Amino acid sequence: SQQGEEDPQALSIQEGENATMNCSYKTSINNLQWYRQNSGRGLVHLILIRSNEREKHSGRLRVTLDTSKKSSSLLITASRAADTASYFCATANSGGSNYKLTFGKGTLLTVNP
Amino acid sequence: DVKVTQSSRYLVKRTGEKVFLECVQDMDHENMFWYRQDPGLGLRLIYFSYDVKMKEKGDIPEGYSVSREKKERFSLILESASTNQTSMYLCASSLWTGGTVADTQYFGPGTRLTVL
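Since the model is a prediction, treat every value here as computed from it, not as a measurement.

Student: Explain the overall build of chain B to me, please; I cannot follow it from the model alone.
Tutor: Within chain B, the secondary structure is distributed over zero helices and 11 strands. When its helices and strands are written in sequence order, chain B yields β-β-β-β-β-β-β-β-β-β-β. Taken against the 2.2 N^0.38 rule, which gives 13 Å for 116 residues, the C-alpha radius of gyration of chain B at 13 Å falls within 12% of a compact globule. Principal axes of the C-alpha set define a box for chain B whose edges measure 40 × 25 × 25 Å. Counting over 116 residues, chain B shows a buried share of 49%. For chain B, long-range pairs separated by at least 24 residues make up 57% of all intrachain contacts whose partners lie at least 6 apart in sequence. Accessible surface, chain B: about 5500 Å² in total, of which carbon and sulfur atoms supply 51%.

As structure tokens, then:
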């Protein structure tokens with residue numbers, strides 16, 4: 001089955017720096033979503049970008065989508081220690097089982113104060 | 001705000017026990033999901049329900065069953081718990097968008113189940 005693959009698996013930066021995480025996927029999608037998970041907790045939805053959109057912003061988050069390359073990136077600007085978490089991309093397939101999201105394995109972001 | 005609650009944060013059971021994990025959402029969502037999350041394997045879908053009494057198998061349904069008697073409540077059942085079912089279990093809900101597009105999912109806090 002299709003799966004989003006995040007890159008890198010782990011990222012460590014200093015507070016105030018920008019963090020970029022990438023996601024690649026294999027088949028056609030309706031939308032791509034990014035979620036955050038703090039250690040030992042549930043996932044929290046961050047942003048959804050549709051297949052006909054190329055860029056989307058939400059506060060300090062910027063998401064891009066390149067459907068020709070089947071890839072997306074999540075940029076967190078001016079990072080804070082509170083941004084330390086795992087970040088997952090999830091793809092909503094076009095056709096087939098269209099209720100499902102397929103999650104990647106995540107990028108663990110550590111923001112050092 | 002959508003709220004999804006799970007009956008326990010931590011649970012310890014013995015091999016062979018029947019285990020019930022319950023999930024309740026308060027936003028009248030049609031869709032509800034059960035996932036398990038394991039290190040290195042990410043989130044894997046166990047079962048999905050799009051309406052009361054309706055269910056579909058996900059990617060790893062073996063050893064699990066589900067029950068949805070009311071719209072707001074979705075239960076995951078381990079008929080005979082085994083050690084390989086030790087995991088973090090996450091429940092989620094979402095709106096039904098006509099079956100065309102998977103919408104945003106709202107997650108509960110998770111239940112960390114240990115089977116001894």
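Student: Got a minute to help me understand the packing of aromatic side chains in this structure?
Tutor: Remark: the centre distance and the inter-plane angle together describe each pair of aromatic rings, the angle taken between the planes. As enumerated under the stated definition, the model contains nine aromatic pairs over all chains in all. Seen from their ring centres, F103 of chain A and Y35 of chain B are 5.6 Å apart, and the 85° between their planes marks the pair as edge-to-face. Here F103 of chain A is found in strand β10 (residues 101-103), whereas its partner Y35 of chain B is found in strand β4 (residues 31-38) on a different chain. Three or more aromatic residues joined by ring pairs make a cluster, and in this case those are Y35 and F103 of chain A together with F33, Y35, F48, Y50 and F107 of chain B.

Student: I keep staring at the pattern of salt bridges and nothing clicks. Help me out?
Tutor: Side-chain pairing between opposite charges can occur once the charged atoms of the two side chains come close. Residue and element names in this part refer to chain B. Summed over all chains, the structure comprises 11 salt bridges over all chains. Here D38 makes a salt bridge to R36, at a shortest N to O gap of 2.8 Å. In the salt-bridge network here, residues are joined through shared partners; they are D28, E30 and K71.

Student: Mind showing me how you'd approach the interface of chain A and chain B here?
Tutor: Interface extent is often summarised as the accessible area lost during association of the parts. Chain A puts 20 residues into the contact, and the matching count from chain B is 26 residues. For the pair chain A and chain B, the interface holds one salt bridge. K100 of chain A is the partner of D59 of chain B in a salt bridge, and the nearest nitrogen-oxygen pair spans 3.1 Å. One can count seven residue pairs in polar contact (both at pLDDT 80 or more) joining chain A with chain B. At the level of elements, β4 (29-37), β5 (43-50), β9 (85-93) and β10 of chain A are the ones that each hand at least two residues to the side of chain A that touches chain B. Among the residues making up the side of chain A that touches chain B, the classes are represented as eight nonpolar, nine polar and three charged.

Student: Even after reading the chapter, I still don't get the environment of Q37 of chain B, so can you show me in this structure?
Tutor: Within the secondary structure, Q37 of chain B sits in strand β4. It is 23 Å that separates the C-alpha atoms of Q37 of chain B and E72 of chain B, two residues lying 35 residues apart in sequence. A distance of 2.9 Å separates a polar atom in the side chain of Q37 of chain B from a polar atom in the side chain of Q37 of chain A.

Criteria and thresholds
Residues numbered from 1 in each chain as written. Chains lettered and ligands numbered in written order. Predicted model: local features only at pLDDT ≥ 70, side-chain atom pairs only at ≥ 80, totals over all residues. Heavy atoms only, no water. Helix = DSSP H or I, 4+ residues; strand = E, 2+ residues; numbered from the N terminus. Rg over C-alpha atoms; globule rule 2.2 N^0.38 Å. Buried < 20%, exposed > 50% of the residue type's maximum accessible area, 1.4 Å probe, protein only. Contact = heavy atoms within 4.5 Å. Areas by Shrake-Rupley, 256 points an atom, 1.4 Å probe, with all protein chains shown as cover. Phe/Tyr/Trp six-rings, centres within 6.5 Å; stacked < 30°, edge-to-face > 60°. Salt bridge = Lys/Arg side-chain N within 4 Å of Asp/Glu carboxyl O. Polar contact = N/O pair within 3.5 Å; in protein donor to acceptor, adjacent residues only side chain to side chain. Nonpolar A, V, L, I, M, F, W, Y, C, P; charged D, E, K, R; others polar.

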